[in-house]
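The residues making up each chain are set out below.
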Number of protein chains: 2
Amino acid sequence: MIELEEALEIVLSQVKVLPPERVNLLSSLGRTLAEDVYADLDIPGFDRAAMDGYAVISKDTDSASRKKPVVLEVIADVPAGYSTKKVVKSGKAVRIMTGAPLPRGADAVVMVEDTEKQEGKVKIFRRVNPEENVSFAGEDVKKGELILPQGSLIRPAEVAMLATLGKKNALVRTKPKVAIVSTGDELVEVGKTLEKGEIYDSNSFALFSQVLLSGGEPYRLGIARDKKENLLARIKEGLSYQLLILSGGVSVGDYDLVADVLREAGVKMMFWKVAVKPGKPTFFGMRKDTLVFGLPGYPVSSMVNFENLVRPAIFSMLGQRDWQRIRVKAILKETVLSGGKRKKFIRVKLVKEGDKYLAVPAPSQHSGVLKSMVWADGFLILPGEVERIEKGKEVSVELLR
Amino acid sequence: MIELEEALEIVLSQVKVLPPERVNLLSSLGRTLAEDVYADLDIPGFDRAAMDGYAVISKDTDSASRKKPVVLEVIADVPAGYSTKKVVKSGKAVRIMTGAPLPRGADAVVMVEDTEKQEGKVKIFRRVNPEENVSFAGEDVKKGELILPQGSLIRPAEVAMLATLGKKNALVRTKPKVAIVSTGDELVEVGKTLEKGEIYDSNSFALFSQVLLSGGEPYRLGIARDKKENLLARIKEGLSYQLLILSGGVSVGDYDLVADVLREAGVKMMFWKVAVKPGKPTFFGMRKDTLVFGLPGYPVSSMVNFENLVRPAIFSMLGQRDWQRIRVKAILKETVLSGGKRKKFIRVKLVKEGDKYLAVPAPSQHSGVLKSMVWADGFLILPGEVERIEKGKEVSVELLR
């Protein structure tokens, strides 16, 4: 049995970052950048009005006030998207819209709210300082600047930034193809009828969804039976993917069969017990570049160790450096007990109370009780040496969403 | 100008929850449940072994110890997925695997680790209590119980729960179809060449991505020019969707044209200025059941007011009650100033320092500086009456991801 940190280190030491592919900008959301993106233009590309109003020489407005407005001659009207070749000289002004290029000669913009239009003229009611209400070229982005480093997760802001830079597409990491095989003679596919002793296969649905959320491309290869030939066939199929997850078949009694089959399929085992609760009987192995995870059959154990080990592996294949989840401080609502020396992942719901959160543990923390994962907004993680945390204490909750 | 809370109330008062549709379970991730899901079976469906080991009558093991093991006769072997009709009587045991039905007569399971196999027999080294290592029928879910209420977001745990209940598909809310129209003569589609005074349209890409993340179905209708006919045609097209977002065309100078066109298209305006910074020039109107939002042309203003007003509208159309974002406590790294009476959304990055977070404001908070959204993990929200917050203070950051 090894510690979770050590297990994760072993997994990550085997990961290779996947090759890139080019995708349309509109399909890039949620992907990971595979190149450093530099700006090949200034943004804004020109000095421009930051407000609707009048481009002026600021000095002209020095004496302007509500009572004694300054009157300037309007020599042009520039909507956004247009520009004027006219030059603003003393006594002149150009009507200008937000985003339009500042005409030559002008050094400030008077907001339209501080003006009154007249036939061919404008009354200015307030003085402006030089550079007031002007956005200067390169104020947001400077040409040549590194804007988005490789490994960035592409969120709406990154999509917008790529568009601002004129990019039609983005170079992103290919998604790891992840095969999911459920094992067990007790498993039945949803939609069929259960016989005595049987249950529906739910782990492969959970894992499918977890792979999707982690940025991978999941494939359900179906249910393998506890027979050598059947299991071997599925495992061999799964080894053609970049990552293979076996669900179930890792408890003491099953393990011999699975271990045998994996050995026969050429998988080199690297660990098979991890000091976490739930999720102890979890194994990891490699065959060529394929990562092979064996997750416990218990639904909570399977989901928890996916989060602990498989998700970081997928992030790492995508070249993302940071898979840490946000931690939120909360007040523990019920005393929790560790019940053992393993690191424990307690499922809690966050409930807002004023400007604080309460962390409410799921009523049953048994690894067979899937309801605890439906309940959970996150995990309260108890280190192995901590035996209990009293209710009322402030704790840190690792968010699942 | 109205307060944000009032604006949101007006928006939400106009929302109708969308009709449901049935989707395959594997496509249900991220959707919203449109029905209460009750369990039509117990889970587990039968009393079962929670560990690999031997099903016994617990009383038989009372005297068992490492030194003086109890020896029982093994009368059957039950893997998961199978069951036995044999009845466990005193002096007998059944070899059993995790998940297999507990045979009649037995009331506990001895873990395999506490046993030693012998020819036809088993040595028991440790006493078990009644019910030890047994999961009882209905322990996770009771038949008839409300398991997932209408309006639940379907996460991996909900997908797994639906599978456990044997559901092949889920009744979810249809996604709101959202039309996005960028307006402005200065806008150019990515991939083309910029002329003087022009910029790339980025807002529609940001909005497209934000709609996707909020659970809507976005459609980019392209760029409308600042000409009445062109704008009217796009708006009319957009009004056939359930939600229409106009980006730009809301500043003082443009507004007359847009307001005219909207009136002509039959849109009833409900507000058009909100006391937030960035994002003041934001309007909202209705035509029949279509919600119409006019967001500012500045990229940050557009993104921020999408989050403030459009995202809650989409969540609400999906029948979700809760669109509040998680708030994280952090230590403010730099003093921030409000610069006005409007509620201010300051873009901050969260940086971990020990077990705390630092909130680091983006260097420029100008609404034209998209880099501040790329920088941001979340918003530090300054109420209108707060003029500044000193660095070193604890603040609450609303998370964007």
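Residues numbered from 1 in each chain as written. Chains lettered and ligands numbered in written order. Predicted model: local features only at pLDDT ≥ 70, side-chain atom pairs only at ≥ 80, totals over all residues.

Draft legend 1. The arrangement of the environment of Gly151 of chain A in detail. All names here are of chain A. In this structure, Gly151 sits in the loop between strand S11 (146-148) and helix H2 (156-164). Classification of Gly151 as partly exposed rests on a count of 18 C-beta atoms within 10 Å. With 171 residues separating them in the primary sequence, Gly151 and Asp322 have C-alpha atoms 9.2 Å apart. What Gly151 contacts, discounting residues up to four positions off in sequence, is Thr32, Leu33, Gly319, Gln320 and Arg321. (Helix = DSSP H or I, 4+ residues; strand = E, 2+ residues; numbered from the N terminus. Buried ≥ 20, exposed ≤ 12 C-beta atoms within 10 Å, placed from the backbone. Contact = placed C-beta atoms within 7 Å.)

Draft legend 2. Examining the sheet that holds strand S9 (residues 121-124) of chain A more closely. Residues and elements named next belong to chain A. An order of S7-S4-S6-S5-S9-S8 is seen for the six strands of this open sheet, with the pairing classed as mixed. Strands at the two margins of the open sheet, each flanked by one partner only, are strand S7 (108-111) and strand S8 (115-118). For this sheet, the mean inter-axis angle between neighbouring strands, taken without regard to orientation, is 40°. Bridge analysis of strand S5 (residues 70-78) against S9 gives four bridges, and the strand direction is antiparallel. When the bridges of S9 are listed, Leu72 appears paired with Val122. (Pairing = 2+ DSSP bridges. Axes fitted to C-alpha atoms, helices over the stretch in contact; angles between N-to-C directions.)

Draft legend 3. Fine view of the relation of the copies chain B and chain A. Once turned by 180° and shifted 0.0 Å along the axis, chain B lies on chain A with an RMSD of 0.1 Å. Look at the turn and shift together and you get a two-fold axis relating the two. Nearest to the rotation axis, the C-alpha of Val328 of chain B is located 2.9 Å from it, this being the minimum over chain B. Both copies share a contact surface, since 100% of the interface residues of chain B are interface residues in chain A too. (Least-squares fit on C-alpha atoms with pLDDT ≥ 70 in both.)

Draft legend 4. Region of interest: the nonpolar core. Residues Ile245 of chain A together with Ile245 of chain B are the most contacted members of the largest nonpolar core, which totals 182 residues. Each residue touching Ile245 of chain B, except ones within four places of it in the same chain, is listed here: Val178, Ile180, Leu207, Phe293, Leu295 and Val310 of chain B. (Core = buried A, V, L, I, M, F, W, Y, C linked by C-beta atoms within 7 Å.)

Draft legend 5. How the structure looks around the interface of chain B and chain A. Counting residues at the interface gives 73 residues for chain B, matched by 73 residues for chain A. Mapped onto the side of chain B that touches chain A, the elements with two or more residues apiece are helix H2 (156-164), strand S15 (199-200), helix H3 (203-214), helix H5 (252-264), helix H6 (299-317), strand S22 (327-332), helix H7 (371-375) and strand S28 (394-399) of chain B. Split into classes, the residues belonging to the side of chain B that touches chain A amount to 39 nonpolar, 19 polar and 15 charged. (Nonpolar A, V, L, I, M, F, W, Y, C, P; charged D, E, K, R; others polar.)

Draft legend 6. Looking closely at the packing of helix H1 (residues 4-13) of chain B against H6 of chain B. Residue and element names in this part refer to chain B. In contact at an axis separation of 10 Å, H1 and H6 are set at 30° when each is read in the N-to-C sense. Judged by the twist between their axes, the crossing of H1 over H6 is right-handed. The residues of H6 that touch H1, namely those facing Leu4, Ala7, Leu8, Val11 and Leu12, are Asn308, Leu309, Pro312, Ala313 and Ser316. Split into classes, the residues belonging to the contact of H1 with H6 amount to eight nonpolar, two polar and no charged. (Left-handed = near helix turned anticlockwise from the far one by under 90°.)

Draft legend 7. Summary view of the domain arrangement of chain A. In terms of domains, chain A is made up of domain 1 (4-16 + 175-317), domain 2 (20-43 + 140-173), domain 3 (48-135) and domain 4 (327-399). Averaged C-alpha coordinates put domain 3 of chain A and domain 4 of chain A at centres separated by 60 Å. (Domains from an automatic or database assignment.)

Draft legend 8. Focus on the pairing of S22 of chain B. Residues and elements named next belong to chain B. Alignment of S22 against S28, held across five bridges, turns out to be antiparallel. From the neighbouring strand, Ala330 faces S28, where its bridge partner is Val395. Across two bridges, S22 lies against strand S25 (residues 356-361) in parallel orientation. Paired with Leu332 across the strands is Ala359, a residue of S25.

Draft legend 9. Structural context of the sheet that holds strand S4 (residues 53-56) of chain B. Residues and elements named next belong to chain B. Read from one edge of the open sheet, six strands run S7-S4-S6-S5-S9-S8, paired in mixed fashion. Looking along the sheet, the strands with just one partner apiece sit at the ends: strand S7 (108-111) and strand S8 (115-118). The average angle at which neighbouring strand axes cross in this sheet is 40°, direction not considered. Both S8 and strand S9 (residues 121-124) contribute to a ladder of four bridges, which runs antiparallel. Counterpart to Lys117 in the pairing with S9 is Val122.

Draft legend 10. Representation of the packing of H2 of chain A against H3 of chain B in the model. Close contact between H2 of chain A and H3 of chain B brings their axes to 8 Å; oriented N to C, the two are set at 160°. Taken together, the axes of H2 of chain A and H3 of chain B are roughly antiparallel relative to one another. The element H2 of chain A and its partner H3 of chain B pack so that their crossing is right-handed. Taken together, the residues of H3 of chain B that come into contact with H2 of chain A (itself represented by Pro156, Ala157, Val159, Ala160 and Ala163 of chain A) are Phe205, Ala206, Ser209, Gln210 and Leu213 of chain B. Taken together, the residues that form the contact of H2 of chain A with H3 of chain B break down as eight nonpolar, two polar and no charged. (Parallel < 35°, antiparallel > 145°, perpendicular 65-115°, else oblique.)

Draft legend 11. Layout of the environment of Ser13 of chain B. With respect to the secondary-structure elements, Ser13 of chain B resides in helix H1. Taking C-alpha positions, Ser13 of chain B is 10.0 Å from Ser316 of chain B, a pair spaced 303 residues apart along the chain.

Draft legend 12. Representation of H6 of chain B within the structure. All names here are of chain B. For H6, which comprises 19 residues, the first-to-last C-alpha distance of 25 Å matches the rise-based estimate of 27 Å (1.5 Å per residue) to within 8%. Within H6, the axis deviates most sharply at Phe306, by approximately 45°. Judged by how many residues are buried, H6 sits mostly within the fold: 16 of 19 residues are covered. Gly319 sits one or two residues past H6 and shows a positive phi near 80°. (Expected span 1.5 Å × (residues − 1). Bend = angle between axes of the 7 residues up to and from the residue.)

Draft legend 13. Focus on unusual backbone geometry. Cis geometry marks the peptide bond from Ile43 of chain B to Pro44 of chain B, where omega comes out at -10°. Residue Pro278 of chain B is reached from Lys277 of chain B by a cis peptide bond, and omega for that bond is -5°. You can see Pro278 of chain B is positioned in the loop between strand S19 (276-277) and strand S20 (283-287). A positive phi angle, close to 75°, is found at Glu131 of chain A, a residue other than glycine.

Draft legend 14. Seen up close, H2 of chain A. All names here are of chain A. By the criterion of burial, H2 is predominantly enclosed, with nine of the nine residues buried. By the burial criterion, the buried members of H2 are Pro156, Ala157, Glu158, Val159, Ala160, Met161, Leu162, Ala163 and Thr164. Positioned one or two residues after H2, Gly166 has a phi angle of 85°, which is positive.

Draft legend 15. Quick look at the confidence of the model for chain A. Confidence in the prediction of chain A, expressed as mean pLDDT, is 94, and 99% of residues score 70 or more. Model confidence for the complex is summarised by a pTM of 0.94, with the ipTM given as 0.93. (pLDDT = per-residue confidence, 0-100.)

Draft legend 16. Summary view of the pairing of strand S21 (residues 290-295) of chain A. Residue and element names in this part refer to chain A. Most of S21 is tucked away: five of the six residues are buried. By the bridge criterion, five bridges tie strand S17 (residues 243-247) to S21 in an arrangement that is parallel. Across the sheet, Ser247 pairs through a bridge with Leu295, a residue of S21. As defined by bridge partners, strand S20 (residues 283-287) adjoins S21 across five bridges and the pair is classed as antiparallel. For Phe284, the partnering residue across the bridge sits in S21 and is Phe293.

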